[in-house]
Amino acid sequence: MARQQVANGAQMIDVNMDEGMLDSEAAMVRFLNLVAAEPDIARVPVMIDSSKWSVIEAGLQCVQGKAVVNSISLKEGEQRFIEHARAVRRYGAAAVIMAFDEQGQADSVERRVAICQRAYRILTERVGFAPEDIIFDPNIFAIATGIEEHNGYGLAFIEATRRIKAELPHALVSGGVSNVSFSFRGNDPVREAMHSVFLYHAIAAGMDMGIVNAGQLGVYEQLDPPLREACEDVVLNRRADSTERLLEMAARYKGEGGARRSEDLEWRKLEVGKRLEYALVKGIDDYIIADTEEARQRSPRPLDVIEGPLMDGMNVVGDLFGSGKMFLPQVVKSARVMKRAVAYLVPYIEQGKDAGARRANGRIVVATVKGDVHDIGKNIVGVVLQCNNFEVIDLGVMVPCEKILETARREQADLIGLSGLITPSLDEMVHVSREMQRQGFELPLLIGGATTSPAHTSVKIAPQYRSPVVYVKDASRAVGVCQTLTQPAQRAAFIARVSAEHERRREQHAAKKVKVPEASLAAARANRVQPDWSAHVPLAPRVPGVQSFDDYPLSSLLGYIDWMPFFNAWEFGGKFPDILTDPVVGEAASNLYADARRLLKTLIAERWLKVAAVLGLFPANSVGDDVEIYASEARREPLATLNFLRQQKGKPDGQPHVCLADYVAPAASGVRDYFGAFAVTAGIGIEQHVARFERAHDDYSAIILKALADRLAEAAAEHFHERVRRELWGYAADESLTNEQLVREEYRGIRPAPGYPACPDHTEKAKLWRLLDVERNAGVSLTDSYAMYPTAAVSGWYIAHPQARYFALGKIDRDQVEDYARRKGWTLEEAQRWLAPSLGYEV
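Right, let's walk through the structure included here. (Residues numbered from 1 in each chain as written. Predicted model: local features only at pLDDT ≥ 70, side-chain atom pairs only at ≥ 80, totals over all residues. Heavy atoms only, no water.)

### As for the sheet that holds strand 8 (residues 172–173)
Within the open sheet, the six strands sit side by side as 1-2-3-4-7-8. Their pairing is parallel. Edge positions in the sheet fall to strand 1 (13–16) and strand 8, since each of these pairs with one other strand and no more. Across two bridges, strand 7 (residues 134–137) lies against strand 8 in parallel orientation. Opposite phenylalanine 136, over in strand 8, you have valine 173 as the bridge partner. Packed on one face of the sheet, helix 4 (residues 53–60) meets strand 2 (46–49) and strand 3 (68–72) and runs near 165° to strand 3. Its contacts with the sheet place helix 6 (residues 109–127) against strand 4 (94–98) and strand 7, and it is angled at close to 160° to strand 7. (Pairing = 2+ DSSP bridges. Helix = DSSP H or I, 4+ residues; strand = E, 2+ residues; numbered from the N terminus. Contact = heavy atoms within 4.5 Å. Axes fitted to C-alpha atoms, helices over the stretch in contact; angles between N-to-C directions.)

Right under this line is the structure:
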């Protein structure tokens, strides 16, 4: 690759080995040694590119000639900037300086220039850097994204370059050129034309170098004139509609060198209805606007195109999905095509008498209930229903009962669907069903989400509402349920069958309710885990107190991603990576994985998401089933008292009834123990990108992005737990585990999360938030129901004892509930509210 780039005209090669599964330092050294021995490559300088200083330094120690470091910045303050700059100078290299300071990346002309001026003064006056060895990168951002404030990014870079060259003598200017065209990923001719136009104007303003594929640059004068003009309108922000015009034109350009597309595809010879069907089944949206317009011209009414060929195509998609011949990611791609076609037709429909027409199968209002912020599953259900001719009104997340019911009345909905992930959402669903009964609703109510269950739906929700209440396990079942409920011929029999199922589950539940946990609270406490504290001396943390990490490099997390939950979100079962070669779902899973990897690469390169974390390691001791957290080794007044619950289920002889407090040394023992807390997020900044995809009717990419953010948040939790074990606490300093071993939890210690099996009380998060000042230090807030926002977030406790294991609490008796309520300062009603949904039974 390096030889090819030099042969194509590259005057420098940028080498980056930041990849989660690589030993980046060793890879950098090996590669630089290899290219040094290749005369065709070694004649150009090397730019050593990494987000890790140790990798940059490893490269500097072996590269021949004068290298360039990419990059250093003021992001971590002046002291670290000066340290890195002095090291670069000592190795005789030049450096790329990012327009990035303690407040973040510069996006205006003034901020770009101001940061570069500050860095220039520091480098020349305090470090002794030669001005000609300073290469400023004033940040090239994506333009033509559909977000108005991005329209001026290209022109801002060009203007900042002009000022830097005029005001900072001998300094050079560089930039990552491919960023500018990201909105047109997948359309190489348009991207290459944008790069050529951008460079033409940026070089004229003084830009000295840019990172770009040297073999994929069009000649400015040879670009197709209409395409060149459209690209200049976008780059120079010359027209308010420049993005729309380039988007419209881009569909005509694909192939080599910016030539108009000329491939002769057989399916394009079909009549227009069959072309629309093919595009929908295959998820191809390249031709959809042209084909939709052709169908509109041939139809008496625009609505006929939707109700005719488009719905015919979606019926094929629905049949294939229902028969297991298409899979969820493919269906969501089909929905992207359908949405683009419908969006094109809407203005024509509104102009005519079809404006108030209802879609054929029915209208459903869906919402994630108040206090809950998770919506990936709900989004998928909505898309699949739209693919099957339902009109879906998605109210989003944290939706109060009043808004759900008011919208359902106003929109004359046929169905209401409620979703929730955290256990307090179960109680909110009961409230919504009770309100529907009180207000006289008769619409079917659909219940779904990770914490919902057939039993809870039957026992808790259905009795509150006399009309149909149906549990929907996943998107593949949603279509059948909704179609049945909206078809009079099938509805009555289906409702009767569901009602009978509810009654059967209620009877089963009533029979179970008389059973109590096998061990009394006193007996369970007597059978607690009893570590030998005389033989175990807890290690004091190497870095005690609260530590925060802002804008942590995403690339550091790649090796910690557990991919299987990503596929689970798309309703694929099995194991990763075996799922990629599965004879049934392998092709669909592989395509989804490839799309996810491409998007992951882009979001990292273009910094779409920001990772933030905060963690704290504190002196601690247990007192009964509680853990007291102290501010200092004096261990006097606790900073916080964490309340935990104890198992009471039957156990074979020799097996203890576990409580998390058992793994922390009792205060009475005199042993000085420690306890940790953490909160991480990888979701800061996600909203604007999700909104951009949704405006482009691209639910597929929006859902992938949300699912990737969730995976990165979990990866961050795994990464920081490893850092705690090996560095910050240091009780497993010699640990060396693969990602597979981490997924199997083969490490010492645990990180249980409030609201989950070992400690099911979500309200304990409030104490964690106060201990770490999470909202200020990591930008994560809690809803009324203690859900975390942004949704791509993880929080929990760190426990280090070698015997600590994850466990499920199981059912507990009234005595423990009352005891816990007393320790928490709760009434029994509050215990009912917060514990019952988590424990799955009436207190």
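### Here we look at the sheet that holds strand 9 (residues 362–368)
Taken in spatial order, the five strands make up an open sheet running 10-9-11-12-13, and their pairing is parallel. With one partner strand each, in any of the chains shown, strand 10 (390–394) and strand 13 (469–471) form the two edges of the open sheet. Geometrically, the sheet is characterised by an average inter-axis angle of 25° between neighbouring strands, direction not taken into account. Relative to strand 13, strand 12 (residues 445–448) runs parallel, the two sharing three bridges. When the bridges of strand 13 are listed, isoleucine 447 appears paired with tyrosine 471. In this fold helix 15 (residues 376–387) packs onto strand 9, strand 10 and strand 11 (415–419), with an angle of close to 155° to the strand it touches most, strand 10. The strands touched by helix 19 (residues 475–485) within the sheet are strand 9, strand 10, strand 11, strand 12 and strand 13, with strand 12 carrying the most contacts at an inclination of about 170°.

### Section: the pattern of salt bridges
Oppositely charged side chains can pair when the atoms bearing their charge come close. This model, assessed by the stated rule, comprises 60 salt bridges. With its nearest N and O atoms 2.8 Å apart, the salt bridge here joins arginine 525 to aspartate 819. Taken together, the residues arginine 525 in helix 21 (residues 521–526) and aspartate 819 in helix 29 (residues 814–824) connect sequence positions 294 residues apart. With a relative accessible area of 26%, arginine 525 lands in the partly exposed category. By relative accessible area, aspartate 819 is classed as buried at 13%. (Salt bridge = Lys/Arg side-chain N within 4 Å of Asp/Glu carboxyl O. Buried < 20%, exposed > 50% of the residue type's maximum accessible area, 1.4 Å probe, protein only.)

### Brief notes about helix 7 (residues 153–167)
Over its 15 residues, helix 7 extends 21 Å from the first C-alpha to the last, a length consistent with the 21 Å expected when each residue adds 1.5 Å. Where helix 7 is concerned, the buried positions are Tyr153, Gly154, Ala156, Phe157, Ile158, Ala160, Thr161 and Ile164. For helix 7, the secondary structure elements touched by its buried residues are helix 6, strand 7, strand 8, helix 8 (188–205) and helix 9 (225–235). (Expected span 1.5 Å × (residues − 1).)

### Quick word on the nonpolar core
In terms of nonpolar packing, the biggest core is built from 113 residues, with Phe566, Phe567 and Trp570 touching the most fellow members. Of all the elements, helix 25 (residues 699–728) adds the most residues to this core, at 16 residues. Among residues more than four places away in sequence, those in contact with tryptophan 570 are Leu328, Pro329, Val332, Leu592, Tyr700, Ile703 and Ile704. Counting residues in each nonpolar core, the second largest holds 75 residues, with Ile115, Leu168, Val190 and Tyr220 among its members. (Core = buried A, V, L, I, M, F, W, Y, C linked by side-chain atoms within 4.5 Å.)

### Considerations on the packing of aromatic side chains
Geometrically, a pair of aromatic rings is defined through the distance of the ring centres and the angle of the planes. Taken as a whole, this structure holds 25 aromatic pairs when the rule is applied. An angle of 55° between the planes, with centres 5.9 Å apart, marks the rings of tryptophan 608 and phenylalanine 693 as tilted. Remark: phenylalanine 693 occurs in helix 24 (residues 686–695) and tryptophan 608 occurs in the loop between helix 23 (586–605) and strand 15 (610–623); sequence separation between them is 85 residues. For phenylalanine 693, a relative accessible area of 3% puts it in the buried group. Put simply, the rings of Trp563, Phe566, Phe567, Phe572, Phe576 and Tyr593 touch in pairs and so form one group of aromatic residues. Over the ring of tyrosine 91 we find arginine 90, and its NZ or CZ is 5.7 Å from the ring centre. It is arginine 268 that lies over the ring of tryptophan 267; its NZ or CZ is 4.8 Å from the centre. (Phe/Tyr/Trp six-rings, centres within 6.5 Å; stacked < 30°, edge-to-face > 60°. Lys NZ or Arg CZ within 6 Å of the ring centre and 35° of its normal.)

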